[in-house]
Amino acid sequence: MHERVVAPPAGRIGPVRTDEALLDARARVLADLTSTAWANAAAANILDDAVAGRRWWADEWPEGAAYVAGQVAQDVQDALFDAGVGRWPLCRLCEPDEAPVHELRITPELGADPTWICERSGTVAAPLGSLSPTG
């Protein structure tokens, strides 16, 4: 396995290593899957597939390794939905009678410090890897 070192994005200290970034992304998404009671074998397989798929992406664009966590989260979110498993993570910030069931989304779509937000209300739920069972 080869590892590339790239310059950090603004606000970060030290280089970002591809393997390090992918392992961090996996850990953060797994933490959110676990805290929202979605961690199971199917979700773990989807997560591992997303990490493997983003390895190619990070290798092709080494400077993007610093942004891979949000991409992995989006990949898992999309794959869970496409597999018919459901929407993840569900928004617990909106009142159920005020909005239909909907998921949180990662912002920025491609950037450092990915955060889960409710796009309906614009409310920040938590940084990636820090979701609580209530949102």
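Reading guide: rules and limits
- Residues numbered from 1 in each chain as written.
- Predicted model: local features only at pLDDT ≥ 70, side-chain atom pairs only at ≥ 80, totals over all residues.
- Heavy atoms only, no water.
- Helix = DSSP H or I, 4+ residues; strand = E, 2+ residues; numbered from the N terminus.
- Contact = heavy atoms within 4.5 Å.
- Areas by Shrake-Rupley, 256 points an atom, 1.4 Å probe, with all protein chains shown as cover.
- pLDDT = per-residue confidence, 0-100.
- Pairing = 2+ DSSP bridges.
- Phe/Tyr/Trp six-rings, centres within 6.5 Å; stacked < 30°, edge-to-face > 60°.
- Buried < 20%, exposed > 50% of the residue type's maximum accessible area, 1.4 Å probe, protein only.
- Axes fitted to C-alpha atoms, helices over the stretch in contact; angles between N-to-C directions.
- Parallel < 35°, antiparallel > 145°, perpendicular 65-115°, else oblique.
- Left-handed = near helix turned anticlockwise from the far one by under 90°.
- Nonpolar A, V, L, I, M, F, W, Y, C, P; charged D, E, K, R; others polar.
- Expected span 1.5 Å × (residues − 1).
- 1 Å grid on protein atoms, 1.4 Å probe; cavity = no way out; pocket = protein on both sides within 12 Å on 5 of 7 lines; lining within 4 Å.
- Points joined across faces, edges and corners; volume = space filled by probe spheres on them.

Participant: Please explain the overall build of the chain as it appears in this structure.
Facilitator: Helices and strands together make up the secondary structure of the chain, namely 3 helices and 5 strands. Pairs at least 24 residues apart make up 51% of the contacts formed inside the chain by residues separated by at least 6 positions. Looking at the chain as shown, the accessible area adds up to about 7,200 Å², and 53% of this sits on carbon and sulfur atoms.

Participant: What is the right way to read the confidence of the model for the chain from this model?
Facilitator: Regions with low pLDDT carry predicted coordinates that are not meant to be interpreted in detail. Here the chain averages 86 in pLDDT, and 87% of its residues register 70 or above. Overall, residues 1-15 carries pLDDT values under 50, and its contacts beyond four positions in sequence, including any with other chains, amount to 31 contacts.

Participant: Where do I start with the pairing of strand β5 (residues 124-127) in this structure?
Facilitator: Of the pairings in the sheet, the one linking strand β4 (residues 115-117) to β5 comprises 3 bridges and is antiparallel in character. By the bridge assignment, Trp-116 is partnered in β5 with Ala-126. Linking β4 to β5, which pair antiparallel, is a turn of 6 residues; within it Gly-122 sits at a positive phi near 80°.

Participant: What's the story with the packing of aromatic side chains in this structure? I'm lost.
Facilitator: Each aromatic ring pair is described using two quantities: the centre-to-centre distance and the angle formed by the ring planes. All told, the structure shown has 3 aromatic pairs when counted by the stated rule. Arranged with centres 5.9 Å apart and planes meeting at 35°, the rings of Trp-61 and Tyr-67 form a pair that is tilted. By relative accessible area, which is 33% here, Trp-61 ends up partly exposed. Consider the rings of Trp-88 and Trp-116, whose centres lie 5.4 Å apart with planes at 80°: the pair is edge-to-face. Here Trp-116 lies in strand β4 and Trp-88 lies in the loop between α3 (68-82) and β3 (105-107), a separation of 28 residues in the sequence. Judged by its relative accessible area of 0%, Trp-88 is buried.

Participant: Got a minute to help me understand the packing of helix α1 (residues 18-35) against helix α2 (residues 41-60) in this structure?
Facilitator: When two helices pack together, their arrangement is given by the angle between their axes and by how far apart the axes lie. At a closest axis distance of 10 Å, the pairing of α1 and α2 adopts a crossing angle of 155°. In terms of orientation, α1 lies roughly antiparallel with respect to α2. Our pair here, α1 against α2, has a crossing hand that is right-handed. Residues Thr-18, Asp-19, Leu-22, Arg-26, Val-29, Leu-30 and Leu-33 of α1 touch α2, and the partners they reach there are Ala-43, Leu-47, Asp-48, Val-51, Arg-54, Arg-55, Ala-58 and Asp-59. Taken together, the residues of the contact of α1 with α2 sort by class into 8 nonpolar, 1 polar and 6 charged.

Participant: What's the story with α1 in this structure? I'm lost.
Facilitator: The periodicity of an α-helix, 3.6 residues per turn, causes residues three or four places apart in sequence to face the same way. Across its 18 residues, α1 extends 26 Å between first and last C-alpha, which sits within 8% of the 26 Å expected from 1.5 Å per residue. Along α1, the residues that are buried comprise Thr-18, Asp-19, Ala-21, Leu-22, Ala-25, Arg-28, Val-29, Asp-32 and Leu-33. Within two residues after α1, Ala-37 carries a phi angle of roughly 65°, on the positive side.

Participant: Help me understand the layout of surface pockets in this model?
Facilitator: A water-sized probe rolled over the atoms picks out the places where empty space is left. Roughly 150 Å³ of volume is contained in the second largest pocket. Along its surface, the second largest pocket is lined by Leu-90, Cys-91, Arg-92, Cys-94, Glu-95, Pro-96, Ala-99, Pro-100, Val-101 and His-102. Taken together, the residues that form the lining of the second largest pocket break down as 7 nonpolar, 1 polar and 2 charged.

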